[in-house]
Amino acid sequence: MGALHFRSFFAVALLLTCALGFQSDELLLDDDEFGIEGGRSFDSDSRHQPSAAATSTTSRKRFSDSASDSKIQFPLQHAFGDSDFSDAGNFSARLKTWSHGGQTLTKLRFKRDPLTDVEQKNFQELLRGDDFYRIRLPSNVLSPPGREYIISSVKARCLPGDGLEEHFVIHMEGVNVLAVNYGAPGACPYPRQLKLPAKWSFKSYTVLKNSEQAPRAPIFAEDVLGGEGGVGEAVKPMEKSFWAKYWMYLIPLGLIVMNAVTQAMNMPDEQPGGQPGAQTQQQPGPAVQRGPGSGVRRR
Amino acid sequence: MAMVIRCFLTLLLFLVSTHLTSSLYEDQVGLMDWHQQYIGKVKHALFHTQKTGRKRVLVSTEENVVASLDLRRGEIFWRHVLGTNDVVDGLDIALGKYVITLSSDGSILRAWNLPDGQMKNLKADKDDLILVFGKGCLHAVSSIDGEVLWRQDFAGESIEVGHIIQSTDEIYVAGFIGSSKFYVYGLNAKNGELLKNDHTTLPSDTFGELLSVSSDKFVVLDNMRSKILTIKIKNGKISYNQKPISDLNKDSSGQAVILPSRIPELFALRMNSRVLLIKVTNEGDLVLVDKINNAAGVSDALSISEGQHALAFAQHEDSKIRLLVKDINNWNDDLLKESIIIDNQRGNIDKIFINNYLRTDRSYGFRALIVMEDHSLLLVQQGEIVWSREDGLASVVDVTTSELPVEKEGVSVAKVEQNLFEWLKGHVLKLKGTLMIASPEDVVAIQALRLRSSEKSKMTRDHNGFRKLLIILTRAGKVFALHTGDGRVVWSVLLHTLRKTEVCKDPVGLNIYQWQVPHHHALDENPSILVVGRCGPSLATPAVLSFIDAYNGKELNSMSLTHTVAQVIPLPYTDSTEQRLHLIIDINQHAYLYPRSPEAIDILQREFSNVYWYSVEADDGVIRGHALKGNCIHIIDEYCFDFRDLWSIVFPSETEKIIATVTRKSNEVVHTQAKVMTDYDVMYKYVSKNVLFVANAAPKARGEIGAATPEEAWLVIYIIDTVTGRILHRMTHHGCQGPVHAVFSENWVVYHYFNLRAHRYEMSVVEVYDQSRGDNKDVWKFVLGKHNLTSPISSYYRPEVTTKSQSYFFTHSVKAIEVTSTAKGITSKQLLIGTIGDQVLALDKRFLDPRRTLNPSQAEKEEGIIPLTDSLPIISQTYITHSLKVEGLQGIVTVPAKLESTSLVFAYGVDLFFTQVAPSRTYDSLTEDFSYALLLLTIVALVAAIFVTWVLSERKDLQEKWR
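Rules used throughout
Residues numbered from 1 in each chain as written. Chains lettered and ligands numbered in written order. Predicted model: local features only at pLDDT ≥ 70, side-chain atom pairs only at ≥ 80, totals over all residues. Heavy atoms only, no water. UniProt positions renumbered as here; feature names shortened; annotations may be inferred. Helix = DSSP H or I, 4+ residues; strand = E, 2+ residues; numbered from the N terminus. Buried < 20%, exposed > 50% of the residue type's maximum accessible area, 1.4 Å probe, protein only. Contact = heavy atoms within 4.5 Å. Areas by Shrake-Rupley, 256 points an atom, 1.4 Å probe, with all protein chains shown as cover. Salt bridge = Lys/Arg side-chain N within 4 Å of Asp/Glu carboxyl O. Buried area = accessible area lost by both parts, 1.4 Å probe. Polar contact = N/O pair within 3.5 Å; in protein donor to acceptor, adjacent residues only side chain to side chain. Nonpolar A, V, L, I, M, F, W, Y, C, P; charged D, E, K, R; others polar. Pairing = 2+ DSSP bridges. Expected span 1.5 Å × (residues − 1). Arc of directions from axis to C-beta. Axes fitted to C-alpha atoms, helices over the stretch in contact; angles between N-to-C directions. Lys, Arg positive; Asp, Glu negative; His and termini not counted. Disulfide = S-S within 2.5 Å.

As recorded in an unreviewed UniProt entry, chain B goes by ER membrane protein complex subunit 1 and comes from Flemingia macrophylla. The record in UniProt for chain B states the following under Subunit (unreviewed entry): "Component of the ER membrane protein complex (EMC)." Here chain B is described in UniProt, under the heading Sequence similarities (unreviewed entry), as follows: "Belongs to the EMC1 family."

The name an unreviewed UniProt entry assigns to chain A is ER membrane protein complex subunit 10, from the organism Flemingia macrophylla. Per UniProt, chain A carries the Subcellular location (unreviewed entry) text "Endoplasmic reticulum membrane". Under the UniProt heading Sequence similarities (unreviewed entry), the entry covering chain A gives this text: "Belongs to the EMC10 family."

Shown next, in the form of structure tokens:
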């Protein structure tokens, strides 16, 4: 009986692991569509991490079926200190045109150009001088550079980690770039130490952000009054733990116990240890006898 | 120390949860607060002295105030503050009992009842026409019922109408097209029908306004300002002639200006400091009547009796002013000649209005109302200043505060002894008041005692930090120091850098900063303040600086700078004399360091890479961040620095326009960085000083409320780190629009806007919490020192922030929002809202808590979370202005007192109001009316009782033992 049970359990477990272990070999069109742009070879040493495109468009937009897509590209440019800007990489994204006319970017990818020798040298200069590494993006991705370039900068000493690490948060409004938050993914505490990167390649993380909807002011009508009875019933005061309830009694109790224990520890200590103690202290016997004596006198 | 603070906090929590509101009793009004009423710079004045009874003067001012003042004492009988866009153009008395004002470019005509200032419908028996000209249109208004009888439009012909001449049947309207074509139209007074017109082209372009000398003669200057054109109209026909000024006056150097004084047959021409009085004869010829040197002002003519006109003018003579009144027809005798000593801090005379009265000996006497350069108003009679009003205080530009000097040791014994009796008497009175046995006279005496308690108006620093100096910069360029105790003017100084000169044509005061606040090693020096101004309204005019001693108002130093000023940045560094370093940014991308001393350069060099600032270009919708780069390349000045742009945020111009930006106060203190939630969870506040709140509106919804539909309107708010340009939070309110008023404090921002969908005003709160420090919740981490709380925080650290926000409806529209600030930031906060009714409402911040829920749990209630409501309550007891109004409210300033529970509040507009607020009640001090005598009496009684009962018990004991 037990063996049968065990066997069936085993079978189920096996089935489960099979199901979990199943890996689809289906070609994901979405991802493949955004392969390599401009014929640059994909570097094998994971210099370019696939980026998370976090979009927070409203749910209304997400379910719109009549959206049409197109691919676009826009450049990232960088400058070392006060030098002029030069191309540093390319962002590629899918441009969705919604039925109501709005356009948004999704699936942002970033591909950085490897640093040239000159650029490496410039970067080392920046690190020594604790100077700014600056980047810029066009303010309109459809017609770069748009009205003006969006500039962002970071102290170069913040970037070197294992390699060079960078983190982009691009704030979008339709096809306009409002701002880019650029910096190192981790901390960069103030007395910045000079540290040269082990590898001269960038590890980039990119996030796309859109505006959130503000919470509405709560509007109360009579339904609040009606619903209150039911809701009030459901909410029961949370049962507190024993400790939370009675800590005020337990702590003094504990203290009393501790006190008693230490006294009990001291008491037997004194009797065996009384002899050497008395010797060193030169406490004479009369002192002991004075106790009863005084008691007599008190009467 | 921690224990004390904890005690404070518990106590505070207790107090907060027990008392939602703190209001004051009727007898406490005026104890800690004061209110001053002003009217602003007088533009026009009319005397009303004909009737017996109260003599008054009616004034209209540049602050759009219409007021009736007591001619005896200068007090306000009544006053009306018209809106900011409702500029008063004219003032007159009609029918002897109504005041008529014309405002908003002549589009609004109002009549007020003369004795009490109530708005009236005009009622008259006689059918008089009131002619009103405004916006290119002439209206005839019936004086019976205020109905418009007829109108004539001149705007279509692009005529700038200069004058209207009224005779019994015909009305002539004269004006220019362009600057040289002169037109005259004759209208029928009955129905406005156009009867005739004429025009002529003058030989040259004209300069300035057309001045009417008599009913049919006009004078105007030509555009070279060297000739005077005299225009005469006879039966609708124009004739003119011209005369060079040099014919009248040999020494005709300098620019001539015709003064706008209305004098029959005469006009006044100012050239440099000299005024020429020129008579226009019937033939249109010009005759020089008099030359007045050092003339300060010329009044309009006053008709004394039939055919006799008097004219007053003033001359400066060293520190005195000579006032002369002359008869126009008989120029050689003076009707009045007086010299008056006027405080030279009042500057020059701006305007004079005269009025006559019958002296006891039946001769004519004259009194003059003088408007000074600092906008103050004086009434002069019999060579003395009868009263004066500091009406410059009606136009406050900027406010800062200064500490008072420390009290010197050593108080004489005699003074104490003398005060001892008074002290005792006072306490006995208070005791009576407490025990409710005080007679009405005693109550009055108690009230008087409280009000006059000399403590609060002393000129020394007090233990609680209630006594301070409010340093106020006014539009006239005068700086006032007001005592917070009673609001009196301690000193005032008219800054000479902000007075009109040849170099600096139209100076404006911009801001006032604390320049030197000595506290540690430079205590013997007086604190000083910096006033920054500019030589004109445009950004491209050079800057001026003044340094003023805060104790006595002496101008220590002043500078006329060669560069401009776009922004002033007080740096958080001071030099060895506690002078604060300031960077002045000009419009050509340079930063200048002040004070200009090598030590300041040293300090700046040390912190060179840590200086960041931002600039907002509201018109372009761009915000930029900057940092210093190095010394200027093109300018040889070691105090000049170039800077570079570090970041930029470009808002798409088709969807967003910047309408409001707010930062935290640089001197704000945050007591605790952590906030304990009800579930014993800890949230860390994101308390960075470098944050900026920006509110953007849709371009269509920038105008008035109602101009855009809810679909076209939205409001986007941003919280931006100003060092790195990171957007920490971004949120869209659909269907909402400005105007936005906001306040940023600690880790939260509260803003007020209009919701078009709900048709109501709303207030929202956003609280920002730092999540990267959120994992410091484990006690063991603290014990083992593995937390990251002590690690320095850098702006280059990628912040992981979360925000909580909530919106509530709010009934009022708002003029200003501030938040209380206290010395250590322990006391809970109140929002001070300047309402549209010119009052200040204190609203507890807890009403604007994003964590409010519909049914707070027991624990949440204990914490003080208020059940969620859709709108914010307006409790009438929490108006800190109680029954008063701060007319024309513009701003609210809060300053921490030394006493933690108390914050000092100063609200300004046309009026000034000062009070103390204690958002969590005064938990750290006894109230002023605490009866020490009662306490003493209780102790004495108790001690006596102890002795009595002791004796009694002894006696009883003894008796028991004998038994």
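(A) Here's a closer look at the overall build of chain B. A tally of regular secondary structure across chain B gives 8 helices and 62 strands. By residue count, 52% of the 963 residues in chain B fall in the buried class. Expressed as a percentage of contacts within chain B between residues at least 6 apart in sequence, the contacts between residues at least 24 apart total 50%. Accessible surface, chain B: about 44900 Å² in total, of which carbon and sulfur atoms supply 53%.

(B) View of the pattern of salt bridges. Under the definition given, this model contains 34 salt bridges over all chains. Across the salt bridge formed by E166 of chain A and R112 of chain A, the nearest N and O atoms sit 2.6 Å from each other. One end of the pair, E166 of chain A, is in strand β6 (residues 164–173); the other, R112 of chain A, is in strand β3 (residues 103–112), and 54 residues separate them in sequence. Taken individually, E166 of chain A and R112 of chain A each receive the classification buried, so the pair is uniform in this respect. The shortest N-O distance in the salt bridge between K432 of chain B and D442 of chain B comes to 3.2 Å. You can see K432 of chain B sitting in helix α3 (residues 413–434) and its partner D442 of chain B sitting in helix α4 (residues 440–452), a full 10 residues away along the chain.

(C) Seen up close, the interface of chain B and chain A. Contacts between the two partners involve 50 residues from chain B, matched on the other side by 50 residues from chain A. Roughly 4000 Å² is buried in total at the junction of chain B and chain A, and carbon and sulfur atoms are behind 50% of that figure. At the boundary of chain B with chain A, the tally comes to 4 salt bridges. For R644 of chain B, the salt bridge is made with D82 of chain A, and the minimal N-O distance between the two is 2.8 Å. Summed over the shared surface of chain B and chain A, the number is 18 residue pairs in polar contact (both at pLDDT 80 or more). For the side of chain B that touches chain A, the secondary structure elements donating two or more residues are β45 (622–631), β46 (640–650), β51 (714–721), β52 (727–734) and β56 (801–810) of chain B. When the residues that make up the side of chain B that touches chain A are grouped by side-chain class, the tally is 20 nonpolar, 18 polar and 12 charged. One ladder, built from 2 bridges, connects strand β9 (residues 212–213) of chain A with β52 of chain B; its direction is parallel.

(D) Seen up close, helix α4 (residues 117–129) of chain A. Residues and elements named next belong to chain A. Compared with the 18 Å implied by 1.5 Å per residue over 13 residues, the 19 Å span of α4 between its first and last C-alpha is a close match. Considered for burial, the residues of α4 that qualify are E119, Q120, F123, L126 and L127. Down the axis of α4, the buried set is contained in an arc of 115°. They therefore lie on one face. Exposed positions of α4 whose direction lies more than 90 degrees from the buried face are D117, V118, K121, E125 and G129.

(E) How the structure looks around the sheet that holds β6 of chain A. All names here are of chain A. Pairing is mixed in the open sheet, where 3 strands are placed in the order β7-β6-β8. Of all strands in the sheet, those with a lone pairing partner are β7 (176–183) and β8 (202–209), marking the two edges. Each strand axis lies, on average, 20° off the axis of its neighbour in the sheet, ignoring direction. Of the pairings in the sheet, the one linking β6 to β7 comprises 7 bridges and is antiparallel in character. Paired with E173 across the two strands is N176, which belongs to β7.

(F) The side chain of E887 of chain B, seen in detail. All names here are of chain B. Here E887 lies in the loop between α7 (858–863) and β60 (891–896). No salt bridge is formed by the buried E887; its nearest oppositely charged neighbour, K885, is found at 4.0 Å. Non-local contacts of E887, meaning those with residues more than four positions away in its chain, are made with R79, V81, D838, G909, V910 and D911.

(G) Structural detail: the state of the cysteines. All names here are of chain B. Scanning the model with the defined rule gives 2 disulfides over all chains in all. Across a sulfur-sulfur distance of 1.9 Å, C504 and C535 are joined as a disulfide pair. On the sign convention where negative means left-handed, the S-S torsion of about -110° between C504 and C535 marks this disulfide as left-handed. In this pair, C504 is assigned in the loop between β36 (489–494) and β37 (508–516) and C535 in the loop between β38 (528–534) and β39 (542–549), connecting sequence segments 31 residues apart. Residue C504 is classed as buried on the basis of its relative accessible area, which comes to 6%. One disulfide bridge connects C632 with C640, the sulfur atoms lying 1.7 Å from each other. Here the disulfide of C632 and C640 is left-handed, its torsion about the S-S bond being about -70°. Across the pair, exposure class does not vary: C632 and C640 are buried alike. Take the cysteines of chain B that form disulfides and number them in order along the sequence; they join up as 1-2, 3-4.

(H) View of the sheet that holds strand β33 (residues 396–403) of chain B. All names here are of chain B. Read from one edge of the open sheet, 4 strands run β33-β34-β35-β36, paired in antiparallel fashion. Edge strands, defined here as strands with exactly one partner in the open sheet, are β33 and β36. Ignoring which end each strand starts from, the neighbouring axes of this sheet average 20° apart.

(I) The arrangement of the environment of P185 of chain A in detail. Of note, P185 of chain A is situated in the loop between β7 and β8. Sequence separation between P185 of chain A and K203 of chain A is 18 residues, and the spatial gap between their C-alpha atoms is 10.0 Å. Beyond its immediate stretch of four places on either side in the chain, P185 of chain A contacts E165, E166, H167 and Y205 of chain A together with R798 of chain B.

(J) Structural context of the pairing of β51 of chain B. All names here are of chain B. Counting buried positions over the 8 residues of β51 gives 7, a clear majority of the element. In this sheet, β51 lies alongside strand β50 (residues 691–697) in antiparallel orientation, the contact comprising 7 bridges. Across the sheet, V691 pairs through a bridge with D721, a residue of β51. With 7 bridges joining them, β51 and β52 adopt antiparallel strand pairing. Across the sheet, the residue bridging to I719 is H729, located in β52. What sits between the antiparallel neighbours β51 and β52 is a turn of 5 residues, in which G725 has the positive phi angle 75°.

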